Amino acid sequence: MIGLVPKKVYYESGIEDYPMGRELLDKYSREKVELIEISNHNNIPELRELPDSEFVSMKKYLILGIRKTTRLIPNDKSADFIVPFTSSGCSAMCLYCYLVCTFFKNSYLRVFVNREDMIEQVKKKAAKLGMERVYEIGCNSDMVLENLLTGNLRWAIEQFAQIEHARCTFATKFADIDSLLDIEHNGHTQMRISVNPAEIIRKAEIGTSALADRMKAANKMFNAGYRVGINIAPIMLLAGWEELYHDMFEELKNGLDDGLKRNTFFELIFMTYGLANEQINKAALPGTIDIFEKEKMKPKGREKYCYKPEISSEAAEFFIKRITDYFPEAAISYIV
Ligand code: SF4
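Calculation criteria
Residues numbered from 1 in each chain as written. Predicted model: local features only at pLDDT ≥ 70, side-chain atom pairs only at ≥ 80, totals over all residues. Heavy atoms only, no water. Axes fitted to C-alpha atoms, helices over the stretch in contact; angles between N-to-C directions. Helix = DSSP H or I, 4+ residues; strand = E, 2+ residues; numbered from the N terminus. Parallel < 35°, antiparallel > 145°, perpendicular 65-115°, else oblique. Left-handed = near helix turned anticlockwise from the far one by under 90°. Contact = heavy atoms within 4.5 Å. Nonpolar A, V, L, I, M, F, W, Y, C, P; charged D, E, K, R; others polar. Pairing = 2+ DSSP bridges. Phe/Tyr/Trp six-rings, centres within 6.5 Å; stacked < 30°, edge-to-face > 60°. Buried < 20%, exposed > 50% of the residue type's maximum accessible area, 1.4 Å probe, protein only. Lys NZ or Arg CZ within 6 Å of the ring centre and 35° of its normal. Near = heavy atom within 4 Å. Salt bridge = Lys/Arg side-chain N within 4 Å of Asp/Glu carboxyl O. Expected span 1.5 Å × (residues − 1). Arc of directions from axis to C-beta. Polar contact = N/O pair within 3.5 Å; in protein donor to acceptor, adjacent residues only side chain to side chain.

Undergrad: Help me understand the packing of helix α10 (residues 241–255) against helix α13 (residues 309–326) in this model?
TA: Working note: a packed helix pair is described by the angle between its axes plus the distance between those axes. Orientation of α10 relative to α13, taken along the N-to-C sense of each, is 20 degrees, at an axis distance of 11 Å. With respect to α13, the element α10 is oriented roughly parallel. Pair α10 / α13 crosses with right-handed handedness. For the pair α10 and α13, the contacting residues are Trp241, Glu242, Tyr245, His246, Phe249, Glu250 and Lys253 in the first and Ala315, Phe318, Phe319, Arg322, Ile323 and Tyr326 in the second. Looking at the contact of α10 with α13, its residues break down into eight nonpolar, one polar and four charged.

Next comes the structure, spelled out in structure tokens:
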């Protein structure tokens, strides 16, 4: 994890025109972090030219920029709209990370300082539609992690609390939620805690919070009045997966509060793996487990793989049965 102090900060010219830009520049200058001015957060030649093996070092950098496109994107899964929000990328290193398929080795954390432009889009859409809709703010990053550096998740929850008809949602693999517990959220925010077996988290979700800590965070958020969902993602059908996931369900049953278990919902997402992941993992993360079992997978678009349908549908039955047995009152929102 990036820690509270990044190793270097690359900042786009013009961010000082925004309060968040000024605040972050002041903070990192006080902390004596090396600040490097760039003209475009999407194209940093000195980082683009580094070899893939520098992926781990680059994850310690923070990029500050201005988001150019803030238009909402319709969605039909966890939300009605995806909000291009205040960050993309992340400082963790999950072996399957979907962002690596887009940004390759440059999937470090970028924070966009023009948050007012983004929330304005939500306010306009909510006023125009005049009916309750859910807005996903964590699609391109992990907002709980970003919040440690910027406070932007806290700010977003406070903003959504006041927007009529708008509900905010985000998924997270991090447990650092204590600063969110005292917010007057007005029931307008839901968190989906992402889970996997403890052993898979340790071996494949490098730099994220442990399962036990994620469960404690879920309980605290539920007891602070937030709606809390459980996102089993990505489901990885590695050798011995039935036993691993059986143990995970046992841990969830024993570790989650009864009220949360009665009121939660599940999302099930099978792993997609990209050739970009394979290339980066081999170059930068030697000694990590191989999660690409080609014989179980089939091509999905260009340069990505997903589980063969006969394999994922049999596994889906396993998960539906466990959820029905362990969480009889919980809904399953979708399986993909
Ligand atoms: Fe990627 Fe999410 Fe893992 Fe970060 S926590 S590396 S964004 S999958």
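Next, the rest of the story.
Undergrad: Would you take a moment to explain the sheet that holds strand β16 (residues 297–299) for this structure?
TA: The strands that make up a sheet are held in pairs by hydrogen bonds between backbone atoms, and each pair lies either parallel or antiparallel. Reading across the sheet, the three strands line up as β15-β17-β16 and stay open at both edges, with antiparallel pairing between neighbours. With one partner strand each, in any of the chains shown, β15 (272–274) and β16 form the two edges of the open sheet. Strand-to-strand twist of the sheet, defined as the mean angle between neighbouring strand axes without regard to direction, takes the value 35 degrees. Pairing of β16 with strand β17 (residues 304–307) involves three bridges; the strand directions are antiparallel. By the bridge assignment for β17, Pro299 is matched with Tyr305. Where helix α12 (residues 275–284) meets the sheet, its contacts fall on β15 and β17, and the angle it forms with β15 comes to roughly 60 degrees.

Undergrad: Would you take a moment to explain the packing of aromatic side chains for this structure?
TA: The description of an aromatic ring pair rests on the distance of the ring centres and on the angle between the ring planes. Evaluated as defined, the whole model comprises 13 aromatic pairs. Considering the side-chain rings of Phe249 and Phe319, the 6.2 Å spacing of their centres and the 55 degrees angle between planes classify their relative orientation as tilted. Taken together, the residues Phe249 in helix α10 and Phe319 in helix α13 connect sequence positions 70 residues apart. Here the two residues Phe249 and Phe319 agree in accessibility, since each one is buried. Taking the centre distance of 5.2 Å and the plane angle of 80 degrees together, the rings of Phe318 and Phe319 count as edge-to-face. With respect to burial, Phe318 and Phe319 carry one shared label: buried. Members of the aromatic cluster, connected to one another through ring pairs, are Trp241, Tyr245, Phe249, Phe318, Phe319 and Tyr326. Positioned above the aromatic ring of Phe103, the side-chain terminus of Arg110 is 4.4 Å from the ring centre.

Undergrad: Is there a simple way to explain the sheet that holds strand β6 (residues 87–88) in this structure?
TA: Strand order in the open sheet formed by five strands is β2-β1-β3-β8-β6, with mixed pairing between adjacent strands. Each edge of the open sheet is held by one strand with a lone partner, namely β2 (34–38) and β6. In the sheet, strand β1 (residues 8–12) pairs with strand β3 (residues 61–65) via four bridges, with the strands oriented parallel. Counted as the bridge partner of Tyr10 is Ile63 from β3. Running at roughly 65 degrees to strand β8 (residues 109–112), helix α6 (residues 143–150) makes contact with β3, β6 and β8 of the sheet.

Undergrad: What exactly am I supposed to notice about the site of the ligand here?
TA: Within the structure, the ligand sits among Cys90, Ala92, Met93, Cys94, Tyr96, Cys97, Tyr98, Leu99 and Lys173. Listed by contribution, the elements that provide at least two residues to the shell around the ligand are β7 (93–94) and α4 (98–103).

Undergrad: Where do I start with the pattern of salt bridges in this structure?
TA: Two side chains carrying opposite charge are able to pair once their charged atoms lie near each other. Inspection of every chain in the model, using the stated rule, returns 16 salt bridges. Glu116 serves as the salt-bridge partner of Arg115, at 3.9 Å between the closest nitrogen and oxygen. Glu116 sits in the partly exposed class, given a relative accessible area of 36%. Asp258 serves as the salt-bridge partner of Lys261, at 3.4 Å between the closest nitrogen and oxygen. On the criterion of helical spacing, the pair formed by Lys261 and Asp258 is a turn pair, its members being three residues apart in helix α11 (residues 258–263). Of the residues examined, Lys261 reaches a relative accessible area of 14% and is grouped as buried. According to the relative accessible area criterion, Asp258 is exposed, its value standing at 51%. One salt-bridge network, in which partners are shared between bridges, spans Glu136, Arg192 and Glu267.

Undergrad: It is not clear to me how helix α5 (residues 115–129) should be interpreted in this structure. Could you clarify?
TA: A turn of α-helix holds 3.6 residues, and therefore any two residues three or four places apart point the same way. Here α5 is 15 residues long and its end C-alpha atoms lie 22 Å apart, about the 21 Å a rise of 1.5 Å per residue gives. All of the buried residues along α5 are Arg115, Met118, Ile119, Val122 and Ala126. For α5, the arc enclosing every buried residue in end-on projection is 90 degrees, short of the 170-degree limit, so these residues lie on one face. In this structure, α5 carries Lys124, Ala127 and Lys128 as exposed residues pointing more than 90 degrees from its buried face.

Undergrad: Mind showing me how you'd approach the side chain of Gln190 here?
TA: Within the secondary structure layout, Gln190 lies in strand β11 (residues 189–195). Only 3.0 Å separates the side chain of Gln190 from the side chain of Thr169, close enough to count as a polar contact. Apart from residues no more than four positions distant in its own chain, Gln190 is found in contact with Ser78, Cys168, Thr169, Phe170, Arg227 and Phe265.

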